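Chain by chain, the residues:
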Amino acid sequence: MVAEKPKEPESHKDPFNLGWDETLGKPENVKLTRMDEKRMEMLKILQRATYPVIYQTTFYQNLYSQGRQFSWLAYYCDTLIGEICCRVEPTADGGKRLYIMTLGVLAPYRRDGVASYLLRHAMLDAYNSPAINSIALHVQISNTVAIDFYKKYGFEVKETVKDYYSSLDEKDAHLLMRSAE
Amino acid sequence: MATAPEVPKGQQLNKKDDALFKSVSKYYESKQMKKALKTVNQVLKNNPEHGESMAMKGLILSATGNNREEAYDLVKQGLFKNLKSLICWHVYGLLYRADKNYVEAIKCYKQALNIEDSNLPILRDTAMLQIHIRDLKSLADTRQTLLQKKNGQTRANWLGFAFAHHLQCNYECTLAILDAYEGTMGLVEAKYDLSEYLLYKILVILESKDYERVLTEIAKHKEKLLDQEFVQSALAAAHAGLGNTKEEVECRHNLVEQNSENLEFVNRLVKAMGGKLLEDERTDEDIKKTNEIVAELRKEFPRSQVLQKLECDVSVGDTLKAKLEELLKKYIIKNIPSIGSLLKSFHKDPPKREVLQNMLLGIEKEINEKNTVLGEPANKLCIVSAWNAIANHYLMLGEYETALSYCRKAIEHTPTMEALYALKFNIMKKMPDEESQREATASIDTARKLDLADRYHNTITVKRYFKVGDWEEAEKVMSAFTYKSPNETWTTVLEMQAMWYEIAMGDCLYKHGDVINALSKYLLVDRHYEDIQEDQFDFHHYVGRKHNMRAYLEMLRFADDCKNHKFYCNSASRVVRCYLDLHQLGEEECKKRLLQPFEEKEKIRKASLNKDHSEREKDLAVTINYENPLKAALPFLQTILKYRGTHIETQLLAIEYYSAAQQPLGTLRAIKQALSLPESSKSVPLKEAATKFFDTMAKTELSAVVGKIVSEQKELILKQFS
């Protein structure tokens, strides 16, 4: 069973004025699909290889049931090499935000624009969904590479959370946000 | 016989009862069993000695209930009352036929025909049964009789008559019949029916090796023949038989044009053009000529994958290097998963192994240094592909540690590729230490989990769990593709005739020491083959109406030899093994060895089945012969001796069997047949078995004749081992 064919984001234009072209910067040989129920283990292995944190089984169950409409998987020549997993959360002001839980690409396939390609798709999902006002994520304060990456897409540091990553050495995290209107 | 048969006293019915009796058969045929039963009971109330009614009642009971004994009894009683009754004999035959006892059924029909020899339905039924049990001579007689009767001249009867002789290889006779058929009934008009008939006739002529006539017949009916593939094949075979190489090449070329991926077409074309394939003996000139032929064909059919592979197969030296590079380039750049099996086929030819190794290691180096594969730019997966290929290569050479190191490199690079975990499984399962075996099982399970929609890896995992003795886990994994409830998995396995599963489960149980349960699984394979044989039955009738003679013939020939298949032969040798164990250990001991956890699970499972499923399981029940295990094993042994007699394991099993059965001549024959196999005199188990046999014979009392033979053979045989 193949993962359902995803609807392409409705407008390939540049809603955030970041200089995107029609192709959204599609890297060579890369295809994006939505999550496939039969391939959750593959996703698990990918994340285990790209993150210092190991997620529980419940994470994956919830991910599939709640997050699959806003998450993307990246395949290089039919092999899974990258992902962005998001969920929609209510915000304090009564609205909704897209929360990016994970974004990762296998080491040999980095520096090719895959992460950007994934992020752009997620941002367009947020833009095209009228209920979603903003996009947010947490990142370790020592992860300057990631912080610079997100800043290029208009994300800003909203606040700093102490002891967010209780199991890691660097426990403190920044909350990065940007609008999705 | 023109006169009606004499009706014995008490068997004549009055008008009213006679009418009732006639309605019984009408009700039976329209399946209104309750009414039929009620009516026949009415007739019997008034005429308690009426044999035909008793027989009909028996027939109705057999169709409705499961009380076969009562049914048979009634029919026999009825028959006794009226031995000259057509109906009684016919009904008796029908009972036997329903029980698949075809030999007895035919006997009953014959008796019925003695009473009334022009009864067309009975004649037709007899013919159907005769072809089913392959009693071809009698079949020919029956068909001929049918044709001589009034209303017996039907196309089905003519064709049936022709088949009867064709299957006995009486080609002249068959063709004479077909000519008579065409003269009497004319050719069929419908387009496909006509084409099939003409092609069947051409097939008979081809099999009779009358090649000239094949050519004339095909030319005569050209536009009417619709199956072009068969026509070209027949023409090619005919021209080959007559030595017309040029025409043969033309026909075979047409076939390759139709389908350039058909290996058989391609091989035959190359051979017809004068090429020699890998398995033939080849001189340098042969090799050069074959390469030219194949290169020419490749220019004409550039997209044919079969031709590309063939080119690599038949090449040597520098040509081989060039062609292999071309092929491997494609596989590695596209990351084609089947590169493992491609390499496997090349490994069968030892000279290719070194070439492959240098080439693959060279490709790896090239990717690392220049990021190209034999000149083409590489993508990011190429290095993984290369490592996959190299690991497969070392796996086939038996260098497991090296293979494993490449495999691990690949997994570290791209851990989301299923194929790599399957590769790791293939490597580690060959490594003898326990830790590796466990890791192998975990590995294939991971491969399976990566894509739960992949049935292939699911099946491999099931087999692996059985192999390591974990039948519970195996069933759980299998049920992912059967019904949701694991209890229904087994029913599904039975319905699907999934013989690999039954054999794997049997092996697992046998490994746990449970001979009885293992045997019951192995016997299921035989049971499925009985069903496969039974499946033929409907087609005997169908072919007469539909005129698809060639397909019918293929089916009959397949059914004749269908047991020559690895599923059957594997299960048969295991059946013999289990029955030997049963014979040596005895019923009681084997019952002690029943695997308790398995038995308990079976009880729970059977209790949870719904009515339908439990009916189906009962249908497929097997019986183990506890009283006489050796007798039960004999037909299985005979089958594997017939089809696998050239394997030394088969003969060793036969030696064990005949020794256990205390039949010295049988053992001797098996030993001699084993010794006729190549390299067998070096076989240690064979030498041990033979020595043991002669030692036992020295201590046994033998009859004069047998004793003489044994001592004569002893010298001859033991000498061959030195």
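Residues numbered from 1 in each chain as written. Chains lettered and ligands numbered in written order. Predicted model: local features only at pLDDT ≥ 70, side-chain atom pairs only at ≥ 80, totals over all residues. Heavy atoms only, no water.

J.: Lay out the overall build of chain B with the relevant residues and their values.
T.: A count of helical and extended segments in chain B gives 40 helices and two strands. In terms of its C-alpha atoms, chain B occupies a principal-axis envelope of roughly 105 × 75 × 65 Å. Relative to its 722 residues, chain B shows a buried fraction of 48%. In chain B, 59% of the contacts between residues at least 6 apart in sequence involve partners at least 24 apart. When the 104 basic and 104 acidic side-chain charges of chain B are each reduced to a single mean position, those positions are 3 Å apart. (Helix = DSSP H or I, 4+ residues; strand = E, 2+ residues; numbered from the N terminus. Buried < 20%, exposed > 50% of the residue type's maximum accessible area, 1.4 Å probe, protein only. Contact = heavy atoms within 4.5 Å. Lys, Arg positive; Asp, Glu negative; His and termini not counted. Charge placed at Lys NZ, Arg CZ, Asp CG, Glu CD.)

J.: Account for the overall build of chain A, with residues named and values stated.
T.: Scanning chain A from terminus to terminus reveals four helices and seven strands. Its helices and strands taken in sequence order, chain A reads β-α-α-β-β-β-α-β-α-β-β from the N to the C terminus. For chain A, whose C-alpha radius of gyration is 16 Å, the value lies close to the compact-globule estimate of 16 Å for 181 residues. In terms of its C-alpha atoms, chain A occupies a principal-axis envelope of roughly 40 × 35 × 30 Å. (Rg over C-alpha atoms; globule rule 2.2 N^0.38 Å.)

J.: Before we move on, could you go through the packing of aromatic side chains and cite the residues and values that matter?
T.: As enumerated under the stated definition, the model contains 28 aromatic pairs over all chains in all. With centroids separated by 6.1 Å and ring planes inclined at 40 degrees, the aromatic side chains of B:Trp490 and B:Tyr501 adopt a geometry described as tilted. Of the two residues, B:Trp490 is situated in helix 27 (residues 486-496) and B:Tyr501 in helix 28 (residues 499-511); the sequence distance between them amounts to 11 residues. Residue classification places B:Trp490 among the buried residues on the basis of a relative accessible area of 5%. The exposure class of B:Tyr501 is buried, given its relative accessible area of 0%. Ring plane angle 70 degrees and centroid distance 4.9 Å describe the contact between B:Tyr529 and B:Tyr568, whose orientation is recorded as edge-to-face. Of this pair, B:Tyr529 sits in helix 29 (residues 515-534) while B:Tyr568 is found in helix 32 (residues 566-585), placing the two residues 39 residues apart along the sequence. The two residues B:Tyr529 and B:Tyr568 agree in class, both being buried. Members of the aromatic cluster, each reached through a chain of ring pairs, are A:Phe16, A:Trp20, A:Tyr127, A:Phe149, A:Tyr150, A:Tyr153 and A:Phe155. Between the NZ or CZ atom of A:Arg34 and the centre of the ring of A:Trp72, over which it lies, the distance is 3.8 Å. (Phe/Tyr/Trp six-rings, centres within 6.5 Å; stacked < 30°, edge-to-face > 60°. Lys NZ or Arg CZ within 6 Å of the ring centre and 35° of its normal.)

J.: Could you give me a rundown of the side chain of B:Gln308, with the residues and numbers involved?
T.: With respect to the helices and strands, the residue B:Gln308 is situated in helix 17 (residues 305-314). Once residues within four sequence positions are removed from consideration, B:Gln308 is found in contact with B:Arg298, B:Glu326, B:Leu327 and B:Lys330.

J.: Talk me through the interface of chain A and chain B; I want residue IDs and the actual numbers.
T.: With 18 residues of chain A in contact, the opposing surface of chain B contributes 16 residues. Summed over both sides, the interface between chain A and chain B buries roughly 1,600 Å², with carbon and sulfur atoms accounting for 63% of that surface. Summed over the three residues of chain A that lose the most area to chain B, namely A:Lys38, A:Met42 and A:Ile45, the buried surface amounts to 31% of that side. The shortest N-O distance in the salt bridge between A:Arg39 and B:Asp451 comes to 3.1 Å. Taken together, the links from chain A to chain B amount to six residue pairs in polar contact (both at pLDDT 80 or more). When residues of the side of chain A that touches chain B are assigned to their parent elements, the largest contribution, five residues, is made by helix 1 (residues 40-50) of chain A. When grouped by side-chain class, the residues that make up the side of chain A that touches chain B number 11 nonpolar, two polar and five charged. (Buried area = accessible area lost by both parts, 1.4 Å probe. Salt bridge = Lys/Arg side-chain N within 4 Å of Asp/Glu carboxyl O. Polar contact = N/O pair within 3.5 Å; in protein donor to acceptor, adjacent residues only side chain to side chain. Nonpolar A, V, L, I, M, F, W, Y, C, P; charged D, E, K, R; others polar.)

J.: So what's going on with helix 34 (residues 596-608) of chain B? Residues and values would help.
T.: Residue and element names in this part refer to chain B. The first and last C-alpha atoms of helix 34 sit 19 Å apart over 13 residues, in line with the 18 Å expected at 1.5 Å per residue. Restricting attention to buried positions, one finds in helix 34 the residues Phe-598, Glu-602 and Arg-605. All buried residues of helix 34 lie within an arc of 70 degrees about the axis, which places them on one face of the element. For helix 34, the exposed residues lying more than 90 degrees away from the buried face are Lys-603, Ile-604 and Ala-607. (Expected span 1.5 Å × (residues − 1). Arc of directions from axis to C-beta.)

J.: An account of a positive patch on the surface is needed here, citing residue identities and associated values.
T.: All names here are of chain B. On the surface, a cluster of positive charge is made up of Lys-344, Lys-348, Lys-429, Lys-430, Lys-467 and Lys-511. With respect to the helices and strands, the residue Lys-348 is situated in the loop between helix 19 (339-347) and helix 20 (351-370). The class of Lys-348 is exposed, set by a relative accessible area of 70%. (Patch = residues over 30% accessible without salt bridge, like charges linked within 9 Å, V, L, I, M, F, W, Y side chains within 5 Å. Areas by Shrake-Rupley, 256 points an atom, 1.4 Å probe, with all protein chains shown as cover.)

J.: So what's going on with the nonpolar core? Which residues, and what values?
T.: One finds A:Leu43, A:Ile84, A:Leu118, A:Leu119, A:Tyr150, A:Phe155 and B:Ile427 to be the most contacted residues of the largest nonpolar core, which totals 105 residues. Of the residues forming this core, the biggest block, 10 residues, is contributed by helix 21 (residues 382-397) of chain B. The residues touching A:Phe155, leaving out its near neighbours within four places in the chain, are A:Leu119, A:Met123, A:Ile135, A:Leu137, A:Tyr150, A:Leu176, A:Met177 and A:Arg178. Core analysis: the second largest hydrophobic core is formed by 69 residues, B:Leu494, B:Cys562, B:Phe693 and B:Ile717 among them. (Core = buried A, V, L, I, M, F, W, Y, C linked by side-chain atoms within 4.5 Å.)

J.: So, unusual backbone geometry: which residues are in play, and what are the values?
T.: One non-glycine residue, A:Arg111, lies in positive phi territory at about 55 degrees. Among the secondary structure elements, A:Arg111 is positioned in the loop between strand 4 (96-105) and helix 3 (114-128). One non-glycine residue, B:Gln662, adopts positive backbone phi at about 55 degrees. Looking at where B:Gln662 falls in the secondary structure, it is placed in the loop between helix 37 (648-660) and helix 38 (664-675).

J.: A description of the sheet that holds strand 7 (residues 173-179) of chain A should follow, citing residues and the corresponding values.
T.: Residue and element names in this part refer to chain A. Strand order across the open sheet formed by seven strands is 1-2-3-4-5-7-6, with mixed pairing between neighbours. Looking at which strands have only one partner, the edges of the open sheet turn out to be strand 1 (30-33) and strand 6 (156-161). Here the average twist between neighbouring strands, direction ignored, is 25 degrees. As judged from the seven bridges shared by strand 5 (residues 132-140) and strand 7, these two strands associate in the antiparallel manner. What sits directly across from His-138, in strand 7, is Leu-175. In the packing of helix 1 onto the sheet, contacts are made with strand 2 (72-76), strand 3 (79-90) and strand 4, and the angle to strand 3 comes to roughly 90 degrees. (Pairing = 2+ DSSP bridges. Axes fitted to C-alpha atoms, helices over the stretch in contact; angles between N-to-C directions.)

J.: Any details on the packing of helix 9 (residues 155-167) of chain B against helix 31 (residues 549-560) of chain B? Residues and values, ideally.
T.: Working note: a packed helix pair is described by the angle between its axes plus the distance between those axes. Residue and element names in this part refer to chain B. For the pair helix 9 and helix 31, interaxial distance at closest approach is 12 Å and the crossing angle is 45 degrees. Accordingly, the angle class assigned to the pair helix 9 and helix 31 is oblique. For the crossing formed where helix 9 meets helix 31, the hand is right-handed. Two secondary-structure elements touch here, helix 9 through Leu-159, Phe-163, His-166 and Leu-167 and helix 31 through Met-549, Tyr-552, Leu-553, Leu-556 and Arg-557. Taken together, the residues that form the contact of helix 9 with helix 31 break down as seven nonpolar, one polar and one charged. (Parallel < 35°, antiparallel > 145°, perpendicular 65-115°, else oblique. Left-handed = near helix turned anticlockwise from the far one by under 90°.)

J.: Residues and numbers for the packing of helix 29 of chain B against helix 32 of chain B, please.
T.: All names here are of chain B. It is the contact of helix 29 with helix 32, at a shortest axis distance of 9 Å, that shows an interaxial angle of 145 degrees. For the pair helix 29 and helix 32, the crossing hand works out as left-handed. Side by side, helix 29 and helix 32 meet where Val-515, Ala-518, Leu-519, Tyr-522, Leu-523, Val-525, Asp-526 and Tyr-529 of the first sit next to Phe-567, Tyr-568, Ser-571, Arg-574, Val-575, Cys-578, Tyr-579 and Asp-581 of the second. Per-class residue counts for the contact of helix 29 with helix 32 are 12 nonpolar, one polar and three charged.

J.: Account for the pattern of salt bridges, with residues named and values stated.
T.: Residue and element names in this part refer to chain B. Scanning the model with the defined rule gives 54 salt bridges over all chains in all. For the salt bridge of Arg-268 with Glu-264, the shortest nitrogen-to-oxygen distance reads 3.4 Å. Taken together, the positions of Arg-268 and Glu-264, both in helix 15 (residues 263-272) and four residues apart, correspond to about one turn of that helix. Accessibility expressed as a relative area gives 43% for Arg-268, which makes it partly exposed. Residue Glu-439 pairs with Arg-408 through a salt bridge whose shortest N-O separation is 3.4 Å. Of this pair, Glu-439 sits in helix 24 (residues 434-450) while Arg-408 sits in helix 22 (residues 400-413); the two residues are 31 residues apart in sequence, bridging distant segments of the chain. Looking at Glu-439, the relative accessible area reads 24%, which means it is partly exposed. The class of Arg-408 is partly exposed, set by a relative accessible area of 39%.

J.: Report on the state of the cysteines, specifying residues and quantitative values.
T.: All names here are of chain B. Applying the stated criterion to the full structure yields zero disulfides over all chains. A disulfide-free cysteine, Cys-108 has its sulfur positioned 11 Å from the sulfur of Cys-88, the nearest such atom. Take Cys-108: its relative accessible area is 3%, and that puts it in the buried class. The thiol of Cys-569 is not disulfide-bonded; the next cysteine sulfur, from Cys-562, is found 10 Å away. By relative accessible area, Cys-569 is classed as buried at 4%. (Disulfide = S-S within 2.5 Å.)

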